[in-house]
Amino acid sequence: MRLSRYLLPTSKDNPAEAQIASHRLMLRAGLIRQEAAGIYAWLPLGLRVLRKVEAIVRDELHRAGAVELLMPTLQLADLWRESGRYDAYGPEMLRIRDRHERELLYGPTNEEMIHEIFRSTVRSYRDLPMNLFQVQWKFRDEQRPRFGVLRGREFLMKDGYSFDLDEAGARKSYQQMFVAYLRMFRRMGITAIPMRAETGPIGGDLSHEFIVLAETGESAVYVDRDMLSLDVPGDDIDYRGDLDAWVDAWSVPYAATEDVHEAARFEREVPPERRVRTRGIEVGQIFYYGAKYATPMRVLVTGADGIERPIHGGCYGVGVSRLLGAIIEAGHDERGIVWPDAVAPFQVGLVNLQQGDEQVDLACEALYKELQRAGIDVLYDDRDERAGGKFATMDLIGLPWQLVVGPRDLKQGMVELKRRATGERETLLIDTALAKLLKDAHRASI
Ligand code: ATP
Ligand code: MG
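An account of the accompanying structure is given in this report. (Residues numbered from 1 in each chain as written. Chains lettered and ligands numbered in written order. Predicted model: local features only at pLDDT ≥ 70, side-chain atom pairs only at ≥ 80, totals over all residues. Heavy atoms only, no water.)

Looking only at helices and strands, the protein chain features 14 helices and 23 strands. C-alpha extents for the protein chain along the principal axes are approximately 80 × 60 × 40 Å. Expressed as a percentage of the 446 residues in the protein chain, the buried residues total 52%. Expressed as a percentage of contacts within the protein chain between residues at least 6 apart in sequence, the contacts between residues at least 24 apart total 71%. For the protein chain, the exposed area adds up to about 20300 Å²; of that, 49% sits on carbon and sulfur atoms. Counting 60 positive and 69 negative side-chain charges, the protein chain places the averaged centre of each group 2 Å from the other. (Helix = DSSP H or I, 4+ residues; strand = E, 2+ residues; numbered from the N terminus. Buried < 20%, exposed > 50% of the residue type's maximum accessible area, 1.4 Å probe, protein only. Contact = heavy atoms within 4.5 Å. Areas by Shrake-Rupley, 256 points an atom, 1.4 Å probe, with all protein chains shown as cover. Lys, Arg positive; Asp, Glu negative; His and termini not counted. Charge placed at Lys NZ, Arg CZ, Asp CG, Glu CD.)

This part covers the pattern of salt bridges. Considering all chains together, one arrives at 44 salt bridges under this definition. Glu54 is paired through a salt bridge with Arg51; the nearest N and O atoms lie 2.9 Å apart. Within this pair, Glu54 and its partner Arg51 are both found in helix 2 (residues 44–63), separated by three residues, close to a single helical turn. Of the residues examined, Glu54 reaches a relative accessible area of 9% and is grouped as buried. Here Arg274 ties to Asp226 by a salt bridge, and the two come within 3.4 Å at their closest N and O atoms. Of this pair, Arg274 sits in the loop between helix 8 (263–269) and strand 13 (275–290) while Asp226 sits in the loop between strand 11 (219–224) and helix 7 (244–251), and the two are 48 residues apart along the sequence. Residue class for Asp226 comes out partly exposed when judged on its relative accessible area of 37%. One salt-bridge network, in which partners are shared between bridges, spans Asp333, Glu334, Arg335, Asp395, Lys418 and Arg420. (Salt bridge = Lys/Arg side-chain N within 4 Å of Asp/Glu carboxyl O.)

Pairing is mixed across the open sheet formed by five strands, whose spatial order is 20-19-21-22-23. Pairing within the sheet leaves two strands with one partner each, and these edge strands are strand 20 (378–381) and strand 23 (425–429). Strand-to-strand twist of the sheet, defined as the mean angle between neighbouring strand axes without regard to direction, takes the value 25°. One ladder, built from five bridges, connects strand 22 (residues 414–419) with strand 23; its direction is antiparallel. (Pairing = 2+ DSSP bridges. Axes fitted to C-alpha atoms, helices over the stretch in contact; angles between N-to-C directions.)

With that settled, consider the site of ligand 1. Near ligand 1 lie 14 residues; those nearest to it are Arg140, Glu142, Arg151, Gly152 and Glu282. At 3.0 Å, a side-chain N or O of Arg140 approaches an oxygen atom of ligand 1. In the model, a nitrogen atom of ligand 1 is placed 2.9 Å from a nitrogen or oxygen of the Gly152 main chain. If ligand 1 stood free it would expose 590 Å²; the protein chains cover 80% of that surface. Those elements giving two or more residues to the shell around ligand 1 turn out to be strand 8 (154–164) and strand 13. At four residues, the largest contribution of residues to the shell around ligand 1 is made by strand 13. Class assignment of the residues belonging to the shell around ligand 1 gives a composition of five nonpolar, four polar and five charged. (Near = heavy atom within 4 Å. Polar contact = N/O pair within 3.5 Å; in protein donor to acceptor, adjacent residues only side chain to side chain. Nonpolar A, V, L, I, M, F, W, Y, C, P; charged D, E, K, R; others polar.)

The topology assignment puts Arg265 in helix 8. For Arg265, the contacting residues outside a window of four places in its chain are Arg196, Val252, Tyr254 and Val270.

What follows covers the coordination of the magnesium ion (ligand 2). Six octahedral donors around a metal ideally make angles of 90 or 180 degrees; four tetrahedral donors ideally make 109.5 degrees. On the protein side, the magnesium ion (ligand 2) has Glu282 (OE) and Gln285 (OE1) as donor atoms, found 2.0 to 2.3 Å from it. The class for Glu282 is partly exposed, based on a relative accessible area of 28%. According to the relative accessible area criterion, Gln285 is partly exposed, its value standing at 22%. (Donors = N, O, S within 2.8 Å, 3.2 Å for Na, K, Ca; no water.)

Next up on the list: the pairing of strand 2 (residues 39–42). Where burial is concerned, the two faces of strand 2 differ: the one with Tyr40 and Trp42 is buried and the one with Ile39 and Ala41 is not. Relative to strand 2, strand 1 (residues 32–36) is paired through four bridges, and the arrangement is antiparallel. Within strand 2, the residue paired with Arg33 across the bridge is Ala41. The loop that links strand 1 with its antiparallel partner strand 2 comprises two residues; one of these, Gly38, has a positive phi angle of about 70°.

Time to look at the sheet that holds strand 5 (residues 94–97). Read from one edge to the other, the open sheet built from three strands follows the order 4-6-5, with strand pairing classed as antiparallel. The open sheet has two edge strands, strand 4 (74–76) and strand 5, and neither has a second partner. Adjacent strand axes in the sheet meet at a mean angle of 40° when their direction is disregarded. In this sheet, strand 6 (residues 103–106) lies alongside strand 5 in antiparallel orientation, the contact comprising four bridges. Directly across from Arg97, in strand 6, lies its bridge partner Glu103.

As structure tokens, this is what we get:
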């Protein structure tokens, strides 16, 4: 991509409305634009990251055996009357009427619709277990939309739903999603810690919120420091096999949000030097809710014994758009964003220090082609701008590598390669720099 043809409205000034780093940086780096309170347009650079995050979520869910579908954003109010939630859901629900005075709503979540789809398509225990998910926009008319995409009104969510014949099956489905979440967040370059969460009227131990530690998070959290260095399963994980060991490793050490925190237990179980008290951002939540929807909506499956029973359900959410804010909260410095490789909008920023100089232009064009041929996403700054401005833009948008081509080094056949995260720079022969980028891209894709 050539920057001269791209839409990248960066800014030096801190927008007054943004109180936290991720919000400021997403606006300044031209990732998003607010169109109304809590409603954002995704500009090209932001959209690339959103799509990468989404792709990791999708890939890990497929690996775990879940199946993707797509439901509409608008739903009939009558569907929600079946579960009793149309009246129960408060002013967060955006209610709409069409030209025929039919009542609709913009979905804040999709339990009703997925149960409706399931009940009209699946009848037999032989079709279970089933795990369906979508990545779709949601609308919640939040009282206080704030912190940019962290608490928007329109936001992108992955919502998944499992259907099982009994509680034991549902527990297994829950474990599969628990482990898939460990892998997906780790792949995005962040640590999200599963914390026990309130389960509501159903009770039991089957709800976790996945929380990224950040001082700017909305809820206080209490964590055993040991959780910060736990491994996640490799990609050879067998989701049909026994997942107890992974789930135990990640749910036995103390980790709780303020809602369920037990101070006495925290102090009893965690030695003082391992007690972490900080704040966090919820990037996902998983939940077993049994027959909460199946009973009122009559979602029945015939078992091997010929008897019809309500299915046991679970739901699994990931805040896809919120994740961009959380990733930036966890990875930035005073100059801008520092994207983890796996979600960076481009891997390499190619900087032409002397646009219009024939030799420099030729060298840049050749590098640009070469990188693209190797399948590396590269953003080529071919604008007629001062070097200082180009460097500032590259640091702000946070691409993992900067490849800098200027007249002086080029005379020796050299370019400069800078790693954004560490600030480390090396002046290398062109081929050596290319080889290093190719090797890094290869490593990142394994
Ligand atoms: P919160 O407690 O932050 O309001 P929630 O518990 O109501 O969120 P869920 O219903 O669990 O949210 O939705 C699944 C995921 O969607 C959440 O874990 C979160 O990452 C994301 N999410 C929820 N509300 C918003 C929002 N207003 N803006 C952006 N992401 C959101
Ligand atoms: Mg939640």
